[in-house]
Amino acid sequence: AEDVDALRDRSVGERIVRPVVTVEDVMDMTRESVSGFRHDLQLMPHYVFGYVCPLYHDQERVGVESGTLSVNGRTQRVEPWPERRELIYSMEEEHQRLEPAVTEQDAAKVARRELVRLYTFDRERVVEKRRISPREESIELDGRGLFFLPLWRVEGVHGAMVIDASNGKVVSEDHYSL
């Protein structure tokens, strides 16, 4: 239990998701698609929240959803956050640490709005249609702090790519028109 508390203690240092994709891997991945010539590692800030989201039909509680999500501290994009991520607290590899453009409180508001959007739906019954939705004020968020997700930004002759350095997935790809 003390280890978990230490992980939540923000004085430990920056919590960085461990990168597994090296610059050599990125060069291989992007050689054919964008002919990458510039490869920069950036640490993207994400506010992470655990949530419990009760669902209602009128005044009746009909279910509950729970999980973990993140709000990108620069773009405010909300994404699921895997429960198990290997963390490190510093990096030797050259990188740029990006600062969040929003506060944790603003990120929490964005998270609540997204949870309402995600979990609002109509359920058809034989004779009626029932609207199921959470109430923003009843959503419980557990702020787990600021984490940094490593991203490779690649510029090339034929375009640009962003690759998640923690898993190798392409986040975005933009090919230039000739």
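Quick notes on the rules
- Residues numbered from 1 in each chain as written.
- Predicted model: local features only at pLDDT ≥ 70, side-chain atom pairs only at ≥ 80, totals over all residues.
- Heavy atoms only, no water.
- Helix = DSSP H or I, 4+ residues; strand = E, 2+ residues; numbered from the N terminus.
- Expected span 1.5 Å × (residues − 1).
- Buried < 20%, exposed > 50% of the residue type's maximum accessible area, 1.4 Å probe, protein only.
- Arc of directions from axis to C-beta.
- Contact = heavy atoms within 4.5 Å.
- 1 Å grid on protein atoms, 1.4 Å probe; cavity = no way out; pocket = protein on both sides within 12 Å on 5 of 7 lines; lining within 4 Å.
- Points joined across faces, edges and corners; volume = space filled by probe spheres on them.
- Nonpolar A, V, L, I, M, F, W, Y, C, P; charged D, E, K, R; others polar.
- Phe/Tyr/Trp six-rings, centres within 6.5 Å; stacked < 30°, edge-to-face > 60°.

Q: Mind laying out helix α3 (residues 104-118), listing which residues take part and the relevant values?
A: Under the 1.5 Å per step criterion, the end-to-end length of α3 is 21 Å for 15 residues, consistent within 8% with the ideal 21 Å. Along α3, the positions that sit buried rather than exposed are A107, A108, V110, A111, E114 and L115. Seen from one end, α3 has its buried residues packed into an arc of 160°, which puts them on one side. Across from the buried face of α3, at angles greater than 90 degrees, the exposed residues are Q105 and R117. Each element contacted by the buried residues of α3 is listed here: β2 (36-57), β3 (60-72), β4 (78-80), β8 (129-134) and β9 (140-156).

Q: Describe in detail the layout of surface pockets, supporting the description with residues and values.
A: Taken as a whole, the largest pocket encloses approximately 380 Å³ of empty space. Take the lining of the largest pocket: its biggest share by element is 3 residues, from β9. By residue class, the composition of the lining of the largest pocket is 8 nonpolar, 5 polar and 6 charged.

Q: Pulling in residues and values, what's your account of the packing of aromatic side chains?
A: Per the counting criterion, the structure on display carries 2 aromatic pairs. Look at Y51 and Y119: their rings are 6.3 Å apart centre to centre, the planes differ by 45°, and that puts the pair in the tilted class. Of the two residues, Y51 is situated in strand β2 and Y119 in the loop between α3 and β7 (121-124); the sequence distance between them amounts to 68 residues. What makes Y51 buried here is its relative accessible area of 10%. Residue class for Y119 comes out buried when judged on its relative accessible area of 16%. Seen in terms of ring centroids, W81 and F147 are 5.7 Å apart; in terms of plane orientation they differ by 55°. Their pairing is tilted.

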